[in-house]
Amino acid sequence: MITFQGKSVYGAIASGKIALLTRTRPEVKRDKTGNPPKELARFAAAKDKAILELRALYEKALKEVGEANAKIFEIHIMMAEDEDFNESITDMILSQEVNAEYAVSITSDNFARMFTAMEDSYMQARAADIRDVSGRIIACLTDNHSGVTAFRDPVIICADDLAPSETVSLDKSKVLAFVTAHGSYNSHTAILARNMSIPAIIGVGEEFLSVIKNGDTAIADGFTGQFILHPDKKTLQSAKEKQAVEAEKKELLQKLKGKENITKDGTRVHIYANIGSVDDIGAVLLSDADGIGLFRSEFLYMGSKDYPSEEEQCKVYSRVLESMPSGRVIIRTLDIGADKQVDYFRMEKEENPALGLRAVRLCLSRPEIFKTQLRALYRASAFGKLGIMFPMITSPSELSACLALCEQAKRELTLAGKKYAPDVEIGIMIETPAAAIISDRLAPMVDFFSIGTNDLTQYTLACDRQNPRLEKFCDTHHEAVLRLIRAATENAHRAGAWVGICGELAADLSLTETFLRMGIDELSVSPSFVLKLRERVRGLDLSAYPQ
Ligand code: PEP
Ligand code: MG
C-alpha cells in the first residue's frame, strides 16, 4: 500500500481500478516542405475544423456544467483566433518553409512559456489551455483524433495533468475520480471537477505516474487529499464504508428539504448560501437555502475584460434577486486586491497586498467605480429583498463615506427617474479585528453584520491565509477569534442589528452550537453544505448544558 498526498479539489471518495490517461497525439517532426502556400492552406483548414470542434464542446459543457464553466471553450476559440498566435505560425511557415504542425507546435511552446513566466497565477494556468488548443489543431492537421482514451468501465483517471477539453470530453458515468500529478486549484480542470461533483485530487507529485499501472486498485479520498495505491483489505473496506456513509448521508439530507432550521429547544437560525456568480443560483435553489448570505460581486469584475457597466451589473444583480423571491440576497460590494487582482484596475504592486489598498479602501479611492456599482445595486433592489454589505471596514469614518456614496447613488437614480426599493438593508463585514473591537460604534450605523472569519482569522492571528505553511499556526478556533465574534454579536444585538457569519467557519459543524449560543442569527455556507448544517442545527438542544 502506498499513499500519495495531494490537494483535494472536491470532497468525495471513490475506490476502483485505475486508468492511466494516455494521449495518442503524434510526435511533431520538423519538415522543410518548400511549399508555404500549401502549408498555410492546411493550417487554415485545420484551425477551422478545431474551432468547429470547440464549438461542439462548448455546447456539451453548457448542458453538463453550465455557462460559466463552458466559457473555457470560448476562450480556446479566442486563443485559436488570436492574432499574435496566428501571425507567429504564418511567419514561421513563410520564413522557414516548415510544415504547419511544426509551426503550431513551436508557437504553442513559446506561448505556453510566456504564460508560465507571468506572475499572475490565473495567467500561468492558461499555459495548459494554449497547449490544449494547439494540440487540437495539430490533431486536425494529422487527422489523429484519438486524444483521450474512452473507458469501458468506471475508473479512477490518473494523469500528469488534465486539459479542460479532456475533462469535459470524458463520459462522466465512466469517471470515478480524477487524480493528477500537477495542476493548480485555480485551473479550469479543478473548477470543472468541482462542478461535476467528481472526487478529485491534484498535485500528488510526478512520482505516482511511474508507480501506477492500468488496472491497479486505488482509493481517491477527496476528503483527505490522499491517493492510496494498492490499498490493503482493511483500508479498502473502510473506504467503501466511508463511501456508503456519504451516499446514505446525502440521501438522508434530501429529506431535510423544506424543513426549518430550528434546534430542539426552538432556537431558529437562517441558513443562507454563498455564491460567486449568477450561475451558482441553480445550486442554491437545489440546496434549499433561505437566502444568499454572500454574493462575492468581485467575481463579476474578475470575469470581465473591462469595468462592467451599470447596465451589465444591474442585469446580473436583478437576476439573482428575482431567483430568490422570498429570501434575502446580500451582495457584497467589490472586494478586490490581495489575492483577487483585476488587470484593468491597474493597481500598483504592493509589498503586503493583504494589508494594502483592497476592498472598500480601493472603492473609496475610486468613488466613480464604486458609485457605478451602488447605482446598479439600488436599481436591482426593485427585484427582491436586497442587502448591501461593505468589506474590510475598519472605522466609522470609512463606513460613513460608504453611506454617503449610497445616498449620492440614490439621488442620482431619483434624478434619472430610476426606481429602487426603499428598504435596502445595509451591512458591513466584520473581518478586521478593528471592526470587531469597535463594533459598538459601528453597529448603530447598520442593519446587520456579517462576520468574515477567513480574513478575521488571518488578521487576528497574523497568518497569511494564502500561505499553506502557516496552516498549523492558524487555529481557526483560537479564543481570540471567538471572543471577537462574540463581542461583535453582542454589540450588534444591543443596537438592534442582526448578525451572520459568511466565512468558512460558518460551515464548521463543531462550532455551530457555540455560534448559536452566542446568538448568531444567520450562517452562510456553500450551497452543498446547507443541508448538512440544517441537520446539525436540528440535532442541537441549547437548553441542555453546553458540551
Ligand atoms: C471572509 O473573509 O471570511 C470572507 C467571507 O470574504 P473572502 O473570503 O471573500 O475574503
Ligand atoms: Mg474577506
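Residues numbered from 1 in each chain as written. Chains lettered and ligands numbered in written order. Predicted model: local features only at pLDDT ≥ 70, side-chain atom pairs only at ≥ 80, totals over all residues. Heavy atoms only, no water.

Asks: Residue-level account of a negative patch on the surface, with values.
Replies: Among the surface-exposed residues, Asp82, Glu83, Asp84, Glu87 and Asp91 lie close enough to one another that they form a single negatively charged patch. Tracing the backbone shows Asp91 in helix α2 (residues 83-96). Here Asp91 falls in the partly exposed class, since its relative accessible area comes to 42%. (Patch = residues over 30% accessible without salt bridge, like charges linked within 9 Å, V, L, I, M, F, W, Y side chains within 5 Å. Areas by Shrake-Rupley, 256 points an atom, 1.4 Å probe, with all protein chains shown as cover. Salt bridge = Lys/Arg side-chain N within 4 Å of Asp/Glu carboxyl O. Lys, Arg positive; Asp, Glu negative; His and termini not counted. Charge placed at Lys NZ, Arg CZ, Asp CG, Glu CD. Helix = DSSP H or I, 4+ residues; strand = E, 2+ residues; numbered from the N terminus. Buried < 20%, exposed > 50% of the residue type's maximum accessible area, 1.4 Å probe, protein only.)

Asks: An account of the sheet that holds strand β15 (residues 498-501) is needed here, citing residue identities and associated values.
Replies: Neighbouring strands of a sheet are bound in pairs by backbone hydrogen bonds; such pairs are parallel or else antiparallel. In space, the 8 strands of this closed barrel follow the order β9-β10-β11-β12-β13-β14-β15-β16, with parallel pairing throughout. Neighbour-to-neighbour, the strand axes of this sheet turn through a mean angle of 25°, independent of strand direction. Sheet analysis places β15 next to strand β16 (residues 522-525), joined by 2 bridges and oriented parallel. From the neighbouring strand, Ile501 faces β16, where its bridge partner is Leu523. (Pairing = 2+ DSSP bridges. Axes fitted to C-alpha atoms, helices over the stretch in contact; angles between N-to-C directions.)

Asks: I'd like to hear about the sheet that holds strand β2 (residues 7-10), residue by residue, with values.
Replies: Ordered by their spatial adjacency, 8 strands build an open sheet running β1-β8-β7-β3-β4-β5-β6-β2, and the pairing between neighbours is mixed. Whereas interior strands pair on both sides, the edge strands pair on one side only; in this sheet they are β1 (2-5) and β2. Adjacent strand axes in the sheet meet at a mean angle of 30° when their direction is disregarded. Across 2 bridges, strand β5 (residues 175-180) lies against strand β6 (residues 200-202) in parallel orientation. Opposite Val179, over in β6, you have Ile201 as the bridge partner. Running at roughly 120° to strand β3 (residues 13-20), helix α8 (residues 233-254) makes contact with β2, β3, β7 (217-221) and β8 (226-229) of the sheet. (Contact = heavy atoms within 4.5 Å.)

Asks: Explain the pattern of salt bridges to me, using residue names and the numbers behind them.
Replies: Evaluated as defined, the whole model comprises 25 salt bridges. Arg131 is paired through a salt bridge with Asp109; the nearest N and O atoms lie 4.0 Å apart. With Arg131 in helix α4 (residues 121-142) and Asp109 in helix α3 (residues 100-117), this pair connects stretches of sequence that are 22 residues apart. Overall, the relative accessible area of 26% leaves Asp109 in the partly exposed class. For Arg517, the salt bridge goes to Glu513, with nearest N and O atoms at 3.0 Å. Of the two residues, Arg517 and Glu513 both sit in helix α19 (residues 512-518), 4 residues apart, roughly one turn of that helix.

Asks: Which residues make up the site of ligand 1, and what are the values?
Replies: Lining the immediate surroundings of ligand 1 are 14 residues, of which Arg296, Arg332, Gly452, Asn454 and Arg465 lie closest. At a separation of 2.8 Å, an oxygen atom of ligand 1 approaches a polar side-chain atom of Arg296. Separating an oxygen atom of ligand 1 from a side-chain N or O atom of Arg332 is a distance of 2.8 Å. For ligand 1, whose accessible area on its own is 290 Å², the fraction buried by protein is 98%. Ranked by the residues each element gives to the shell around ligand 1, the list is headed by helix α17 (residues 453-460), at 3 residues. Class assignment of the residues belonging to the shell around ligand 1 gives a composition of 3 nonpolar, 4 polar and 7 charged. (Near = heavy atom within 4 Å. Polar contact = N/O pair within 3.5 Å; in protein donor to acceptor, adjacent residues only side chain to side chain. Nonpolar A, V, L, I, M, F, W, Y, C, P; charged D, E, K, R; others polar.)

Asks: Quick one: what's the story with the environment of Lys264, residue by residue and with numbers?
Replies: One can find Lys264 in the loop between α8 and β9 (270-275). Spatially, the C-alpha atom of Lys264 lies 41 Å from that of Lys340, the residues being 76 residues apart in sequence. Apart from residues no more than four positions distant in its own chain, Lys264 is found in contact with Arg538, Gly539, Leu540 and Asp541. A polar contact is formed between the side chain of Lys264 and the backbone oxygen of Gly539, at a distance of 3.5 Å.

Asks: Break down the coordination of the magnesium ion (ligand 2) for me, with residues and values.
Replies: Those donors, Glu431 (OE) and Asp455 (OD), are the protein atoms that reach the magnesium ion (ligand 2), and they lie 2.0 to 2.2 Å from it. Separated by 24 residues along the polypeptide, Glu431 in the loop between β13 (425-430) and α15 (433-437) and Asp455 in helix α17 bring together distant segments of the chain. For Glu431, a relative accessible area of 2% corresponds to the buried category. Owing to a relative accessible area of 3%, Asp455 belongs among the buried residues under this scheme. (Donors = N, O, S within 2.8 Å, 3.2 Å for Na, K, Ca; no water.)

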